[in-house]
Amino acid sequence: MVTRKPDNELRVDTAGALHTQGGDASLLLNTPIIDGVIYGDAALTFRREADQYTLLGSGQEIGGTDDLNGRIRLRYAPDDSPLDVMVSTQRGRVDSTEEQFVMESMFNDRIALPIDSRYRLDTASFGVNASYDLDFATITALTGYQDRKLDRTTLGFQTPEDQTTFSQELRIASDPELGNALDYVVGVYGQRLDFERRTPLIGQVRSRRSIPMQYSETWRGMRRTGSTSRRASGSIMKRQGRVPTAP
């Protein structure tokens, strides 16, 4: 994914490669929606990693990874306006069988035991990037949310994970192009993260224990462990800039 913001140019960018270990491809479409006011782009990428192992007994090739990502962004940035707001959403899915159990005696031959081991990672992200130019400085607000679900089976046992993250940042930064003797960045950042992992248990009854910011619960043969974290930080930074020279 490129980091260039959507702009007033109509363009299509494509790229791709094939090699012995797999291949990848990408497509980007950028277009103005309302000339000089609203712009948008859409991107799609795909990556394939070739199989690395052979299953013992069946001879089936296994151990590859498929990675598919899509993103849409809309940007409101009128000409001659100090306001610039961009909204983005992104979805991704990774399907892989790269985590296999290989005995040391079979390592050089890359032969894996026929035990179910695979995972699927689904990620959904949403973000807002808003900035306002004050001429002498720029105020920026960044908001992000991500929902991450991992459906994982290791050596025949399911250990799924769920994670959500919300973050917020607010900062003001001087304009280095003004040539001031000192440039500065002042900001504050906060984040909340919720995480849960479920692991299988056999012959267990339901129980729960409370731990500050963490928990563990056993229910229907699955143990749930998780945590909730909150973080806030602020920063003030200055650096020596260019000293204006006399004309």
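Computed from a predicted model, the values in this text were never measured in an experiment.

Visitor: Outline the overall build of the protein, listing residues and values.
Guide: Counting its secondary structure elements, the protein contains zero helices and 16 strands. Out of the 247 residues belonging to the protein, those deemed buried represent 26%. A sequence separation of at least 24 residues applies to 56% of the contacts in the protein between residues at least 6 apart. About 15,800 Å² of surface is accessible on the protein, with carbon and sulfur atoms providing 57% of the total.

Visitor: Can you tell me about the layout of surface pockets, naming the residues and giving the values?
Guide: Considered as a void within the structure, the largest pocket measures approximately 290 Å³ in volume. The wall of the largest pocket is formed by 14 residues, among which Arg71, Arg73, Met86, Ser88 and Gly127 lie closest to the centre. Those elements that place two or more of their residues in the lining of the largest pocket are strand S6 (65-76), strand S7 (83-96) and strand S9 (118-133). Its residues assigned to classes, the lining of the largest pocket shows three nonpolar, eight polar and three charged.

Visitor: Describe the pattern of salt bridges, listing the residues and the values that go with them.
Guide: Tallying each qualifying case throughout the model produces 23 salt bridges. Residue Glu49 pairs with Arg47 through a salt bridge whose shortest N-O separation is 2.3 Å. Accessibility expressed as a relative area gives 29% for Glu49, which makes it partly exposed. Note that Arg148 and Glu161 form a salt bridge whose closest N and O atoms lie 3.7 Å from each other. Of this pair, Arg148 sits in strand S10 (residues 137-154) while Glu161 sits in strand S12 (residues 161-174), and the two are 13 residues apart along the sequence. In this structure Glu161 comes out as buried when scored by relative accessible area, which is 6%. What emerges from the salt-bridge pattern is a single network uniting Arg4, Asp7, Glu9, Arg11 and Asp13.

Visitor: Just give me the short version of the sheet that holds strand S4 (residues 53-55), but keep the residues and values in it.
Guide: Read across the open sheet, the three strands follow the order S5-S4-S8; overall the sheet is mixed. The open sheet has two edge strands, strand S5 (61-62) and strand S8 (111-112), and neither has a second partner. Bridge count for S4 against S5 is two bridges, and the pairing is antiparallel. Across the sheet, residue Tyr53 finds its bridge partner in S5, namely Ile62.

Visitor: I'd like a description of the confidence of the model for the protein, backed by residues and values.
Guide: The pLDDT averaged across the protein works out to 83; a share of 80% of its residues lies at or above 70. Low pLDDT (under 50) marks residues 203-220, which in the prediction has 33 contacts with non-local residues, meaning those over four places away or in another chain.

Visitor: Go over a nonpolar patch on the surface, please, and point to the residues and values.
Guide: Together, Leu10, Val12, Leu27, Leu29, Leu44, Phe46 and Leu68 make up a nonpolar patch on the protein surface, roughly 650 Å² of accessible area in all. Those elements giving two or more residues to the nonpolar patch turn out to be strand S2 (22-34) and strand S3 (38-49). Relative to the elements of secondary structure, Leu29 occurs in strand S2.

Visitor: For the side chain of Arg73, give the residues involved together with the corresponding values.
Guide: Relative to the helices and strands, Arg73 is located in strand S6. Within the local environment of Arg73, its side chain forms a polar contact with the backbone oxygen of Arg4, the two atoms lying 2.4 Å apart. Within the structure, Arg73 has its side chain in polar contact with the side chain of Asp41 (distance 2.6 Å).

Visitor: Can you tell me about the pairing of S2, naming the residues and giving the values?
Guide: With nine bridges joining them, strand S1 (residues 11-19) and S2 adopt antiparallel strand pairing. Its bridge partner being in S2, His19 is matched across the sheet by Gly22. Hairpin connection, S1 to S2: the antiparallel pair is bridged by two residues. Pairing of S2 with S3, which is carried by twelve bridges, proceeds in the antiparallel orientation. What sits directly across from Ile34, in S3, is Ile38. Turn length for the S2-S3 hairpin, with the two strands adjacent in sequence and antiparallel, is three residues, and the turn residue Gly36 shows positive phi of about 75 degrees.

Visitor: Which residues make up the side chain of Asn69, and what values go with them?
Guide: Its location among the elements puts Asn69 in strand S6. For Asn69, the side chain forms a polar contact with the side chain of Asp67, separated by 2.8 Å.

What counts and how
Residues numbered from 1 in each chain as written. Predicted model: local features only at pLDDT ≥ 70, side-chain atom pairs only at ≥ 80, totals over all residues. Heavy atoms only, no water. Helix = DSSP H or I, 4+ residues; strand = E, 2+ residues; numbered from the N terminus. Buried < 20%, exposed > 50% of the residue type's maximum accessible area, 1.4 Å probe, protein only. Contact = heavy atoms within 4.5 Å. Areas by Shrake-Rupley, 256 points an atom, 1.4 Å probe, with all protein chains shown as cover. 1 Å grid on protein atoms, 1.4 Å probe; cavity = no way out; pocket = protein on both sides within 12 Å on 5 of 7 lines; lining within 4 Å. Points joined across faces, edges and corners; volume = space filled by probe spheres on them. Nonpolar A, V, L, I, M, F, W, Y, C, P; charged D, E, K, R; others polar. Salt bridge = Lys/Arg side-chain N within 4 Å of Asp/Glu carboxyl O. Pairing = 2+ DSSP bridges. pLDDT = per-residue confidence, 0-100. Patch = residues over 30% accessible without salt bridge, like charges linked within 9 Å, V, L, I, M, F, W, Y side chains within 5 Å. Polar contact = N/O pair within 3.5 Å; in protein donor to acceptor, adjacent residues only side chain to side chain.

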